[in-house]
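A closer look at the structure
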Amino acid sequence: MKRAKTIALVAGFGFFFLALLVQGILPYLLKPAAGISSREVTRTVRTPLGDLAEVKAEAAPVTDGGEKRGRAIYLREGCWYCHSQYTRPAAGEERRWGPVSEAGEYAHDLPHLFGTRRIGPDLLRVGGKYGDDWHTAHFFDPRAVVPDSVMPRFTWFFRTEGGRQVLNDEGRAVTAYVQSLGMQKGKWRDAFPYQNVRSGSASPEAAKSAERGKQVYSRRCAGCHGEKGDGKGTSPKDVLFTIAQPRDFTSGVFKFRLTPTGSVPLDSDLYRTITAGIRGTAMPPWFNLSEDDRWDVIHYIKTFSPDFSEYPPEAPIVVPQPPKPSPELVARGRRVFDEMKCWECHGREGRGDGPKSDTLEDDFGNRIPPANFTRGIFKSGPRAEDIFRTFMTGLSGTPMPSFADSFASPDDGWALTYYVLSLSADGGDQP
Ligand code: HEC
Ligand code: HEC
Ligand code: HEC
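Think of each chain on its own: its residues are numbered from 1, step by step along the sequence as written. Chain letters start at A and ligand numbers start at 1, both assigned in the order the entries are written. Local features are withheld for residues below a pLDDT of 70 in this predicted model, meaning they are given only at 70 or higher, and side-chain atom pairs are given and counted only at 80 or more; totals for whole chains, interfaces and linings count all residues.

**Some details on the overall build of the protein chain**
- When its secondary structure is counted, the protein chain shows 18 helices and 4 strands.
- For 431 residues, the compact-globule formula gives about 22 Å, and the C-alpha radius of gyration of the protein chain, at 24 Å, lands near that figure.
- When the backbone C-alpha atoms are referred to their principal axes, the protein chain occupies close to 90 × 50 × 45 Å.
- Here the contact rule is simple: place C-beta atoms from the backbone, and any two residues whose C-beta atoms are within 7 Å are in contact. Partitioning the contacts of the protein chain with sequence separation of at least 6, the portion at a separation of at least 24 is 69%. Each helix corresponds to a stretch of at least 4 residues labelled H or I by DSSP, and each strand to a stretch of at least 2 residues labelled E; elements are numbered beginning at the N terminus. Radius of gyration here is computed from C-alpha atoms only, and the compact-globule reference equals 2.2 Å multiplied by the residue count raised to the power 0.38.

Listed below in structure tokens is the structure:
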């Protein structure tokens, strides 16, 4: 009996001091060796040359564009009961959600919201994963966008306006908070593998089943794009989308292509769009669907428009290897931007406020603002070749024209690309 007590005591003290050593003293001693203070985080930024670079940054408390209030509502509603905010250094979490948590990121986030229960996904890196429109639809009715969801509806985040649901002050604050999560890491998402799928590969024949594609479509896409593919889904009927309307696939009009203006896209263009999503809009990334599901659903959405069978895709443009960015190229890009009158729509400083910007509409009669390059959030993709592709092919169905025939030399195209990218250097982290 006495012996057992002694063993328990020794073991108890032993483990206590072991924990103290491992979690308290060792990290303190090892800190200078790792060369980074525990309050610091690394941050991915765009350099003035348009490249991505990793820098050290100081931890910062939640800033306030409504996020503080949003955080209080997050606590009040018990979101933390189902959602953790800690990407663990284990078993593929990095591939699912993004870079693992760093000490400095939560140093100021008091009380800590790590959480341990994951009834829903980890939210540490969710900022910028979806556009505000997606969160709006999701808060109003999670099952309209994610059929199996057990997340409750938060209808009290809404008010009615013109027969449609729009976020009220509380709803906007929570959305701002959710969109700020993980943004201390800056532009890491631009380097995230799924955001960097390339066009070019053909769809595997084996995975072309319109029947299975239809199942995937009804479950995942019909809520927004409609059962008939006409863009009239159930969730946008209730909720007012403010950024972009779900595409009507019967029109056969697609923005993001390697094929010239007027042509339908390649299958691989659709694969890229579906995998990466369309950032800033309600269109989410679908990298978590199996590859076969993605190819099958592509096969199915092509059946909505006769254009795909009547007019096969034209030959894709060739995107040459980009040269290394340099200050000279960026300066030259600025001149090309002036000469080609990109500023008429995008504004002199690329803020999307050019003289023509107020009047633009897309083919479906919706108002469409020209992209604000200083935000650094690109619908068509974050890499140099994505920007290059966009102004070479134009975005069909929108006022954004093709400039394929306007370049004196291909280097002018790359110069323009790096200039556009440089406009979001260092800042522009809002989702
Ligand atoms: C009963 C548990 C539960 C509660 C409470 C809850 N959620 Fe969720 N949430 C889920 C589940 C399950 C999912 C995954 C399915 C889905 O996307 O709807 C999810 C998904 C999400 C996502 C998408 C994450 C991703 O990476 O796809 C966000 C954002 C989110 N919830 C925010 C919130 C916020 C904000 C609150 C509080 C206002 C909240 N949730 C409350 C269970 C919950
Ligand atoms: C929450 C709403 C929502 C869901 C769910 C959704 N989409 Fe979208 N989708 C959109 C919106 C909004 C756009 C238009 C974005 C724009 O034009 O800027 C869009 C556009 C598209 C485009 C057009 C791309 C182009 O090149 O013009 C394709 C293709 C697409 N979606 C496929 C899908 C597929 C496949 C699914 C299901 C796996 C899906 N979407 C689910 C909202 C959604
Ligand atoms: C007539 C107006 C107009 C002109 C001129 C114009 N654009 Fe655009 N541009 C737009 C609109 C509108 C969009 C947004 C399309 C959308 O959101 O779907 C856009 C989008 C873009 C995008 C895509 C951003 C993203 O989110 O991926 C790039 C890149 C771009 N423009 C570059 C240029 C460049 C470079 C020039 C000059 C060579 C130029 N644009 C000239 C109207 C214009």
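**Focus on the site of ligand 3**
- Contact assignment follows one rule, namely that a residue is near a molecule or strand if its backbone-placed C-beta atom lies within 6 Å of it. Around ligand 3, 25 residues are found, and the nearest of them are C342, C345, K379, S380 and M400.
- For the shell around ligand 3, the secondary-structure elements that each account for two or more residues are α16 (343-346), α17 (384-393) and α18 (410-422).
- Tallied by class, residues from the shell around ligand 3 come to 16 nonpolar, 4 polar and 5 charged. Amino acids are sorted into nonpolar (Ala, Val, Leu, Ile, Met, Phe, Trp, Tyr, Cys and Pro), charged (Asp, Glu, Lys and Arg) and polar (every other residue, Gly among them).

**Details of the domain arrangement of the protein chain**
- Entries for the protein chain in the domain assignment read domain 1 (60-188), domain 2 (195-310) and domain 3 (327-422).
- Domain delimitation follows an automatic or database domain assignment. With centres defined by C-alpha atoms, the gap from domain 2 to domain 3 works out at 24 Å.
- The partner domain 3 presents 19 residues to the 19 residues of domain 2 that form the contact.
- Classifying every residue of the side of domain 2 that touches domain 3 gives 7 nonpolar, 8 polar and 4 charged.

**A word on unusual backbone geometry**
- A cis amide bond links L110 with the next residue in sequence, P111, at an omega value of -10 degrees.
- A positive phi is found at K341, a non-glycine position, where the angle reads about 60 degrees.

**Here we look at the packing of helix α9 (residues 210-220) against helix α13 (residues 291-301)**
- Fitted lines through C-alpha atoms give the axes, limited to the stretch in contact for helices. The angle between two N-to-C directions lies from 0 to 180 degrees. Relative to each other, α9 and α13 sit at 95 degrees, their axes nearing to 7 Å. Compared by their axis directions, α9 and α13 come out roughly perpendicular. Facing α9, whose interface residues are A210, R212, G213, K214, V216 and Y217, α13 presents D293, D296, V297, H299, Y300 and I301.
- A class-by-class count of the residues in the contact of α9 with α13 yields 6 nonpolar, 2 polar and 4 charged. When describing relative orientation, an angle under 35 degrees is termed roughly parallel and one over 145 degrees roughly antiparallel, while 65 to 115 degrees is termed roughly perpendicular and anything else oblique.

**What about the site of ligand 2?**
- Around ligand 2, the surrounding shell holds 26 residues, and the nearest of these are C221, C224, A244, K255 and M283.
- Mapped onto the shell around ligand 2, the elements with two or more residues apiece are α6 (132-140), α10 (222-225), α12 (267-276) and α13.
- Residues that form the shell around ligand 2 fall into these classes: 17 nonpolar, 5 polar and 4 charged.
- Here the shell around ligand 2 spans two domains, and each of domain 1 (60-188) and domain 2 (195-310) adds at least three residues to it.

**Section: helix α8 (residues 169-180)**
- Helix length check: α8, at 12 residues, gives a terminal C-alpha distance of 17 Å against a target of 16 Å (1.5 Å per residue), a fit within 8%.
- Burial analysis of α8 places 10 of its 12 residues in the buried class, the great majority of the element.
- The burial criterion counts other C-beta atoms lying within 10 Å of a residue's C-beta, which is placed from the backbone; the residue is buried at 20 or more, exposed at 12 or fewer, and partly exposed between these limits. Of all the positions in α8, only E170, G171, A173, V174, T175, A176, Y177, V178, Q179 and S180 are classed as buried.
- On its buried face, α8 is in contact with α2 (67-76), α6, β3 (158-161) and β4 (164-167). Any helix carries an expected span of 1.5 Å times its number of residues minus one.

**Overview of the nonpolar core**
- To count as a nonpolar core, a set of buried Ala, Val, Leu, Ile, Met, Phe, Trp, Tyr and Cys residues must be joined through C-beta atoms within 7 Å. A137, Y217, V297, I298 and I301 are the most contacted members of the largest nonpolar core, which totals 44 residues.
- Elements supplying a minimum of two residues to this core: α6, α7 (142-145), α8, α9, α10, α12 and α13.
- For this core, the domains that each give at least three residues are domain 1 (60-188) and domain 2 (195-310).
- When near neighbours in sequence (up to four residues on either side) are disregarded, I301 contacts Y217, G229 and F249.
- One finds V336, F391, M392 and L421 within the second-largest nonpolar core, a separate group that totals 22 residues.

**Focus: the packing of α12 against α13**
- Closest axis-to-axis distance for the α12/α13 pair is 10 Å, and the angle between their directions is 120 degrees. In terms of orientation, α12 lies oblique with respect to α13. Between α12 and α13 lies a crossing of right-handed hand. Of the residues in α13, those touching α12 at D267, L270, Y271, I274 and T275 are R294, W295 and I298.
- Tallied by class, residues from the contact of α12 with α13 come to 5 nonpolar, 1 polar and 2 charged. Crossing handedness is defined as follows: a turn of the near helix away from the far one that is anticlockwise and smaller than a right angle gives a left-handed crossing, while the clockwise case is right-handed.

**Some points on the environment of V150**
- Within the secondary structure layout, V150 lies in the loop between α7 and β3.
- The exposed category is assigned to V150, around which 10 C-beta atoms lie within 10 Å.

**Considerations on α9**
- Restricting attention to buried positions, one finds in α9 the residues G213, V216 and Y217. Buried residues in α9, looked at end-on, bunch into an arc of 100 degrees, giving them a common side.
- Its buried side turned inward, α9 meets α10 and α13. Arc definition: directions from the helix axis to the C-beta atoms.

**Some points on the pairing of strand β2 (residues 52-58)**
- In the sheet, strand β1 (residues 40-46) pairs with β2 via 7 bridges, with the strands oriented antiparallel. Opposite R43, over in β2, you have V55 as the bridge partner.
- Between the antiparallel neighbours β1 and β2 lie 5 residues, among them G50 with a positive phi of about 90 degrees. Here, strands pair whenever DSSP counts at least two bridges between them.

**Focus: the environment of N288**
- Looking at the secondary structure, you find N288 in the loop between α12 and α13.
- Placed 94 residues apart in sequence, N288 and Y194 show a C-alpha to C-alpha distance of 9.5 Å.

**Structural notes on the confidence of the model for the protein chain**
- Counting all residues, the mean pLDDT for the protein chain is 89, and 93% of those residues have values of 70 or more.
- For the protein chain, helix α11 (residues 234-238) is the element with the lowest average pLDDT, namely 75, and α16 is the one with the highest, namely 97. The predictor attaches a confidence to each residue, called pLDDT, with possible values from 0 through 100.

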